[in-house]
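# Chain and residue survey
Read off the chains here:
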Amino acid sequence: AQRVTQPEKLLSVFKGAPVELKCNYSYSGSPELFWYVQYSRQRLQLLLRHISRESIKGFTADLNKGETSFHLKKPFAQEEDSAMYYCALKVGSQGNLIFGKGTKLSVKP
Amino acid sequence: DGGITQSPKYLFRKEGQNVTLSCEQNLNHDAMYWYRQDPGQGLRLIYYSQIVNDFQKGDIAEGYSVSREKKESFPLTVTSAQKNPTAFYLCASSINSNQPQHFGDGTRLSIL
């Protein structure tokens with residue numbers, strides 16, 4: 001079955017602390033994974049795409065096929081990182097995405 | 001992205017009524033998508049369209065209908081057959097199926 005799991009509904013860290021948002025997937029094909037972020041009162045926007053292998057706003061994510069994971073990491077969290085984060089898996093050739101249920105990141109001062 | 005416009009922002013429907021949610025994009029994107037978001041849930045795909053005059057059912061298409069008569073427009077109709085229509089609806093588009101999706105601001109539908 002195709003599935004994306006984000007085990008944490010809420011993750012709370014202090015400013016300057018490292019943060020890791022977990023994402024695991026289940027997919028029989030070659031996975032293509034994304035992280036989307038939704039800041040308060042803003043629309044959902046793309047944060048990272050695994051094939052780009054880039055760092056955006058200090059966040060990185062590495063696809064680990066052995067562990068079927070695509071965890072999002074940042075070494076030093078900032079208050080402006082507080083948002084809802086969704087992991088998504090592209091399935092098939094039509095571009096369809098399967099989303100996880102999301103993790104709310106709260107960065108405290 | 002300012003190029004994807006969903007209207008209205010809030011919509012109220014009486015029981016038994018059909019209602020249509022608008023999604024317009026001026027990004028010249030071929031692919032368009034409709035998702036439904038419920039509290040504590042991820043986004044679930046309702047319908048998608050890769051090209052004008054063609055669309056496919058997603059995971060939860062029952063009780064919904066769409067049309068794609070123009071490249072820039074992909075309206076979603078929530079019919080009376082949808083038993084639990086109260087939700088947040090998000091429209092997305094992408095250049096093609098290989099490129100990331102960009103989302104609108106969403107429409108919140110409530111039943112009176």
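See the structure above.
Below is a summary of the structure that appears in this document. Computed from a predicted structure; not experimentally measured. (Residues numbered from 1 in each chain as written. Chains lettered and ligands numbered in written order. Predicted model: local features only at pLDDT ≥ 70, side-chain atom pairs only at ≥ 80, totals over all residues. Heavy atoms only, no water.)

## Let's talk about the packing of aromatic side chains
Counted under the stated rule, the structure contains twelve aromatic pairs over all chains. Measuring from ring centre to ring centre gives 6.3 Å for Phe34(A) and Tyr36(A), while their planes differ by 40 degrees; the resulting arrangement is tilted. Classification of Phe34(A) as buried rests on a relative accessible area of 3%. Ring geometry for Tyr35(B) versus Phe103(B): centroids 5.7 Å apart, planes at 40 degrees, classification tilted. Taken as a pair, Tyr35(B) in strand β4 (residues 31–37) and Phe103(B) in strand β10 (residues 102–103) lie far apart in primary sequence, 68 residues in all. (Phe/Tyr/Trp six-rings, centres within 6.5 Å; stacked < 30°, edge-to-face > 60°. Buried < 20%, exposed > 50% of the residue type's maximum accessible area, 1.4 Å probe, protein only. Helix = DSSP H or I, 4+ residues; strand = E, 2+ residues; numbered from the N terminus.)

## Section: the sheet that holds strand β1 (residues 4–7) of chain B
All names here are of chain B. Pairing in this open sheet of four strands is antiparallel, and the strands run β1-β3-β8-β7 from one edge to the other. The open sheet terminates on both sides in strands that have one partner only, identified here as β1 and β7 (64–66). The sheet shows a mean angle of 20 degrees between the axes of neighbouring strands, taken without regard to direction. For strand β3 (residues 19–25) and strand β8 (residues 76–78), the ladder comprises three bridges, and the chain directions are antiparallel. Directly across from Thr20, in β8, lies its bridge partner Thr77. (Pairing = 2+ DSSP bridges. Axes fitted to C-alpha atoms, helices over the stretch in contact; angles between N-to-C directions.)

## Some words on unusual backbone geometry
The phi torsion of most residues other than glycine is negative, and most of the peptide bonds are trans. Cis geometry is adopted by the peptide bond preceding Pro8(B), which originates at Ser7(B) and carries an omega value of -10 degrees. Although it is not a glycine, Arg41(A) sits at a positive phi angle of roughly 65 degrees. Here Asn28(B), not a glycine, exhibits a phi torsion of approximately 60 degrees, which is positive.

## Section: the interface of chain A and chain B
One widely used convention gives an interface's size as the accessible area the parts lose upon coming together. Contact residues are listed per partner, giving 17 residues for chain A and 21 residues for chain B. Together, the buried faces of chain A and chain B total about 1,700 Å²; carbon and sulfur atoms form 45% of this surface. Linking chain A to chain B there are one salt bridge. Ionic pairing is found between Arg43(A) and Asp105(B), a salt bridge with its closest N-O pair at 2.9 Å. Our count for the contact surface shared by chain A and chain B stands at eight residue pairs in polar contact (both at pLDDT 80 or more). Looking at the side of chain A that touches chain B, the elements with two or more residues in it are β5 (32–38), β6 (45–49), β9 (83–91) and β10 (96–99) of chain A. Split into classes, the residues belonging to the side of chain A that touches chain B amount to seven nonpolar, five polar and five charged. (Contact = heavy atoms within 4.5 Å. Buried area = accessible area lost by both parts, 1.4 Å probe. Salt bridge = Lys/Arg side-chain N within 4 Å of Asp/Glu carboxyl O. Polar contact = N/O pair within 3.5 Å; in protein donor to acceptor, adjacent residues only side chain to side chain. Nonpolar A, V, L, I, M, F, W, Y, C, P; charged D, E, K, R; others polar.)

## Some details on the sheet that holds strand β7 (residues 60–61) of chain A
Adjacent strands of a sheet form backbone hydrogen bonds with each other and so pair up, either parallel or antiparallel. Residues and elements named next belong to chain A. With antiparallel pairing, three strands are arranged side by side in an open sheet as β3-β8-β7. The outermost strands of the open sheet, each flanked by one partner alone, are β3 (19–21) and β7. As defined by bridge partners, β3 adjoins strand β8 (residues 72–74) across three bridges and the pair is classed as antiparallel. Following the sheet pairing, Glu20 is matched in β8 by Lys73.

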